Amino acid sequence: MIPGTFAYHRPTTIDSAVALLIELGEDARPLAGGHSLIPLMKTRLASPEHLVDLTGIDGLNGIERSDGDVVIGAMTTQHSLIGSSLLSELVPIVRETSLRIADPQIRYKGTLGGNCANGDPGNDMPALMQCLNARYVLTGNEGPREVAARDFYLGAYETALAAGEILTAVRIPIPAPGHGYAYEKLKRKVGDYATAAAAVMITMAGDTCTSASIGLTNVAETPLWAEEAGRLLVGTKLDEGSIASAVAAAEAITDPASDMRGPADYRTKMAGVMLRRALERARSRAKA
Amino acid sequence: MNEQVKIDLDRAERAEKLQGMGCKRKRVEDIRFTQGKGSYVDDLKLPGMVFGDFVRSPHAHARIVSIDTSRAKALPGVIAVLTAADLKPLGLHYMPTLAGDVQAVLAEEKVLFQNQEVAFVIAEDRYIASDATELVDVEYEALPCIVDPFRSMLPDAPILREDIKDKMTGAHGPRKHPNHIFEWQIGDKQATDDVFAKADVTIKEMLVDHRTHPSPLETCQSVASFDKVKGELTLWGTFQAPHVIRTVVSLISGLPEHKIHVIAPDIGGGFGNKVGAYAGYVCSVVGSIVLGVPVKWVEDRMENLSTTSFARDYHMTTELAATKEGKIVGMRVHVLADHGAFDACADPSKWPAGFMNICTGSYDIPVAHLVVDGVYTNKASGGVAYRCSFRVTEAVFAIERAIEVLAQKLGMDSAELRMKNFIRAEQFPYQSALGWEYDSGNYHVAMQKAMDTIGYRQLRAEQAEKREAFKRGETRELMGIGISFFTEIVGAGPAKNCDILGVAMFDSAEIRIHPTGSVIARMGTKSQGQGHETTYAQIIATELGIPADDIMIEEGNTDTAPYGLGTYGSRSTPVAGAATAVAARKIKAKAQMIAAHMLEVHEGDLEWDIDRFRVKGLPEKFKTMKEIAWSAYNAPPPNMEPGLEAVNYYEPPNMTYPFGAYFCIMDIDVDTGVAKTRRFYALDDCGTRINPMIIEGQVHGGLTEAFACAMGQEIRYDEMGNVMGASFMDFFLPTAVETPKWETDFTVTPSPHHPIGAKGVGESPHVGGVPCFSNAVNDAYAFLGAGNIQMPHDAWRLWKVGERLGLHA
């Protein structure tokens, strides 16, 4: 668990960071909190020759309201997400999810941008961002562009980031007031990846569901936005029959690996159980 | 205030000042540990020190076609690359194991498990060493491997140990197959078979105590420094038994023992993992002898979990025979023991299966028969006692699970079944059917106290209601009540049956009182977190009337400590603790003579009073131990040698037999398989209690490791022999969040043969805890007809049980 040799760079502007990444090419990796990348390096599953640390760049931190979005700087730590009153008020599911990530020590270092950009299927934020229909701001030498979280993940550790691009901010559309939400995560212990997890956002009108969005964590090579499962709930009273069909639709799109967390069939079923429980909690929170 | 009250108060105050036995004294070592001031092997920095790292096999079983070290040697900073070819001329490519086998230091012709050591790279820094391991080119020819021990002795099984394939007699008798290590039998087979043939009721269950790892937080490591001028070797390392390491190093290196200085500094947990000798130790020594500079080797986490000693992997076919009223009349056990690629179990030499023959447990079972077959597989070697005396966790698991299976078959409450079969208080000392003499116990009292405290009857009533509610579909939770009543066997041991490589398993203490009345004491044991610096001082404090704070305890330096066999198998208190009391009593006897001289009375006119000798009937005429110490050096009685010190090498007359009653209340979510421990109650009887707070801490630690083992911790292999999950990302090491809350309790039944009546406690909670958790899980599903559910009980496996029983919609 000794990493290979690498050079360390600490640019102070986005432009210089982008320039470095372009110049160094595939041998370079941006470094945010490091809690996914460094363990990979220590086991030599990743051996980048250059690390471009984004910590010294101003303007990548912070949470603010902008038009209809909450905009979160990529280097904002999980700890800051948890402490944000703006997020707690407008998008409380972010706080709920952050609190289920690792432990306080790691949350002091781990960032939203790193969690989203790394493409690790075990990370929690990607499925949540898909559930929330967030957009990622990717900055390269042509300036910033936006890509929807739902279009960003191509495979395990494969994303829509182009060479030299850095994920600099996340834009979350502010959900309707009174929405119901829940993030349910099954894990073996603190610090473990999810066996399966489900993010749920719903709105209710009376006892009828008017919108539903579902994200699933760590049950495929990428995070999953369970579009069909969400659609099956809209217009229903979230009765047992419609929940069962949504759960079945969500389970149908999973393709988990068998690992020490359990065999694939178990993990698929746990995605269903987590979804069912998240739906129950989201409904109890929704204000009609 | 009347005179008597004043005297009593004065005595109480003096006694309290000593912080002797029975005092909840805070751990003195924690002052440095909690401030980051501990000094571990990896803290050692020596001038010119270089670093070693291993090239390891990716295959579980393969022939080595060639090893090319040229690219590695060409890397700047690389000093040397050792292979078996370098060690062979020195006779060091194999080393002896504690179990009478040999173990490859660096693989010669074949590798026998994944991550086996193939070459040792020495470089100027740790990073270069690691880089260079990737530049050693090893060509392998993969061979079919054996992962399942039940396949080891099949006629067409590949032969694993070609180095000993023609040697059909091993260290423990004849071998039935080239992959067979030993067969060990004990008990009366004929009488046992007869009892089974006639019994009203019998049960038979295959109980697996699966492979896991002790996983101390500090991994195994060493620094070797050879002084070419003096011809002396200093070896710092993570050694639970530093003197034994010194003797072994002397025997295999040919260096005279007095020129070897073995030092075990602070150790960050051992749990059996640091008893054996490892390739890294040997390679650091060879490296230092060859290069003349200090060589450091520090295992990383994955290496620790996948190569240095594992624990368990016992497959135990367990049978009980009983009358229809529930009196157990016989026990029969066959164990298939998977020892991995080399037999590197750390047991006393005459005990190839450790003390597995304690498997009759706490019960008066008239006849029993035990057979253990050890086999080789393509897995890492070991078989150490993970926080237990040798194979005692396995033994207790077998009997305590079997009792539950029998209770179910009889339709009897398992607590009642235990009560019915316990060895009765008046039967001690008790001769067990498999050869042990239990020293003392009071099992009925302990069990009753435990049942009353947790409210056992009410819990069963609640469980009955919950089961009905589950059947009606009103809850998705199952409630399990786990019971275990264990008897440990610790404190190895009497020389007649306990030795390690011929060295009898005594232990030692050397106590020296300085002229001003403070003390240094040294022992042959070695704390890895047990708190020896605190507790040994408390024994001396009570024995000699010197405050524990004035007593320094030192261990681990073989130049200064008396020879001892080290710390494992809960032997420190039973053996070195006894040596400490005996040495203290020798000092006290001399002190009494000195006091008599000082007070000008006859020795027989004196009596001991907490911290002083006083004249009988004249309590105002006394000499404190402190005053006596000064006189011992400066004004001893005529013809008496000055000084005040003693040493004792203690050979225990018997083992000690701690016991306890544990209860676990568990709620299991059938839809996820997640088990939550609602309550865990542990009553321990470890005889005389030296420090109740340390006992409580030991019980908490042992229970936490028991929880881990039962509920998910494992070293698993796929069918290709790839080790799975050998990092803390996957290996279940519970954090404070997952760990249940522990309730502790006790009874006190002193050991009749131990000088202070103490029995040892560090491992009891593990031994008793593992079956207790497993019994809770099994109990939860029992009413649904689940049959035996094997460990580990992680969520997915319990969910699979639910799946099998059709509990999921």
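Residues numbered from 1 in each chain as written. Chains lettered and ligands numbered in written order. Predicted model: local features only at pLDDT ≥ 70, side-chain atom pairs only at ≥ 80, totals over all residues. Heavy atoms only, no water.

A. Fine view of the domain arrangement of chain B. All names here are of chain B. Per the domain assignment, the segments of chain B are domain 1 (3–38 + 507–650), domain 2 (41–143 + 219–267 + 274–306) and domain 3 (390–492 + 655–804). For domain 1 versus domain 3, the separation of C-alpha centres amounts to 38 Å. Overall, the association of domain 1 and domain 3 removes approximately 1800 Å² of surface from exposure, summing both partners, and the carbon and sulfur fraction of that is 64%. Interface area lost by domain 1 to domain 3 is led by Ser-570, Thr-573 and Pro-574, which between them contribute 26%. Looking at the side of domain 1 that touches domain 3, the elements that each hand over two or more residues are α14 (532–544) and α15 (572–599). (Domains from an automatic or database assignment. Buried area = accessible area lost by both parts, 1.4 Å probe. Helix = DSSP H or I, 4+ residues; strand = E, 2+ residues; numbered from the N terminus.)

B. Representation of the sheet that holds strand β29 (residues 551–554) of chain B within the structure. Residue and element names in this part refer to chain B. The strand order β29-β28-β27-β33 describes an open sheet built from four strands, whose pairing is mixed. Here the strands that pair on one side only, and so sit at the sheet edges, are β29 and β33 (645–650). Between one strand axis and the next, the sheet turns by 15 degrees as a mean value, whatever way the strands run. By the bridge criterion, four bridges tie strand β28 (residues 519–523) to β29 in an arrangement that is parallel. (Pairing = 2+ DSSP bridges. Axes fitted to C-alpha atoms, helices over the stretch in contact; angles between N-to-C directions.)

C. Summary view of the sheet that holds strand β7 (residues 117–123) of chain B. Residue and element names in this part refer to chain B. Spatial strand order, β3-β7-β1-β16-β13-β14-β15: seven strands in an open sheet with mixed pairing. If you trace the sheet from one side to the other, it starts and ends with β3 (78–83) and β15 (260–263), each paired once. Sheet twist, expressed as the average angle between the axes of neighbouring strands with direction ignored, equals 20 degrees. With six bridges joining them, strand β1 (residues 50–56) and β7 adopt antiparallel strand pairing. Counterpart to Phe-54 in the pairing with β7 is Phe-120. Packed on one face of the sheet, helix α5 (residues 126–133) meets β1, β3, β7 and β16 (295–298) and runs near 25 degrees to β1. (Contact = heavy atoms within 4.5 Å.)

D. Quick peek at unusual backbone geometry. Residue and element names in this part refer to chain B. The step from Ala-492 to Gly-493 runs through a cis peptide bond, and the omega angle for that step is -20 degrees. Checked against the element boundaries, Gly-493 lands in the loop between β24 (477–487) and β25 (499–500). Omega for the peptide link from Met-791 to Pro-792 comes to -10 degrees, which places this bond in the cis form. Its identity is not glycine, yet Asn-115 carries a phi of approximately 75 degrees, on the positive side. Non-glycine residue Ser-215 carries a positive phi angle of around 40 degrees. Along the chain, Ser-215 falls in the loop between β12 (201–209) and β13 (221–227). In this structure Ser-215 comes out as buried when scored by relative accessible area, which is 4%. (Buried < 20%, exposed > 50% of the residue type's maximum accessible area, 1.4 Å probe, protein only.)

E. Broad picture of the pattern of salt bridges. Residue and element names in this part refer to chain B. Counted under the stated rule, the structure contains 86 salt bridges over all chains. A salt bridge links Lys-449 to Asp-745; the shortest N-O distance between them is 3.3 Å. On the criterion of sequence distance, the pair formed by Lys-449 in helix α12 (residues 443–454) and Asp-745 in strand β38 (residues 742–746) is long-range, its members being 296 residues apart. What makes Lys-449 partly exposed here is its relative accessible area of 33%. Linked through salt bridges whose partners overlap, the residues forming this network are Asp-10, Arg-11, Arg-14, Glu-607, Asp-609, Asp-611, Arg-612 and Arg-614. (Salt bridge = Lys/Arg side-chain N within 4 Å of Asp/Glu carboxyl O.)

F. Highlighting the confidence of the model for chain B. Per-residue confidence for chain B gives a mean pLDDT of 97, with 100% of residues at or over 70. Here the predicted complex carries an ipTM of 0.96, next to a pTM of 0.97. (pLDDT = per-residue confidence, 0-100.)

G. Spatial organisation of the side chain of B:Thr739. By the secondary structure assignment, B:Thr739 is in the loop between β37 (723–724) and β38. Reaching out from B:Thr739, the side chain makes a polar contact with the backbone oxygen of B:Thr735 at a distance of 2.8 Å. (Polar contact = N/O pair within 3.5 Å; in protein donor to acceptor, adjacent residues only side chain to side chain.)

H. Structural view of the interface of chain A and chain B. Every contact between the two is made by 25 residues of chain A and, on the other side, 29 residues of chain B. Summed over both sides, the interface between chain A and chain B buries roughly 2300 Å², with carbon and sulfur atoms accounting for 60% of that surface. The interface formed by chain A and chain B holds six salt bridges in total. A salt bridge links A:Arg277 to B:Asp669, with the nearest nitrogen and oxygen atoms 2.8 Å apart.

I. Representation of the packing of aromatic side chains in the model. Enumeration according to the criterion identifies 38 aromatic pairs over all chains in this entry. Look at B:Phe355 and B:Trp436: their rings are 5.1 Å apart centre to centre, the planes differ by 70 degrees, and that puts the pair in the edge-to-face class. Here B:Phe355, found in the loop between β19 (328–338) and β20 (367–375), pairs with B:Trp436, found in the loop between β22 (430–431) and β23 (437–438); they are 81 residues apart in sequence, far enough to count as distant. Overall, B:Trp436 belongs to the buried group, its relative accessible area being 3%. The ring centre of A:Trp225 lies 3.5 Å from the NZ or CZ of A:Arg150, which sits over that ring. Over the ring of B:Phe622 we find B:Arg612, and its NZ or CZ is 4.0 Å from the ring centre. (Phe/Tyr/Trp six-rings, centres within 6.5 Å; stacked < 30°, edge-to-face > 60°. Lys NZ or Arg CZ within 6 Å of the ring centre and 35° of its normal.)

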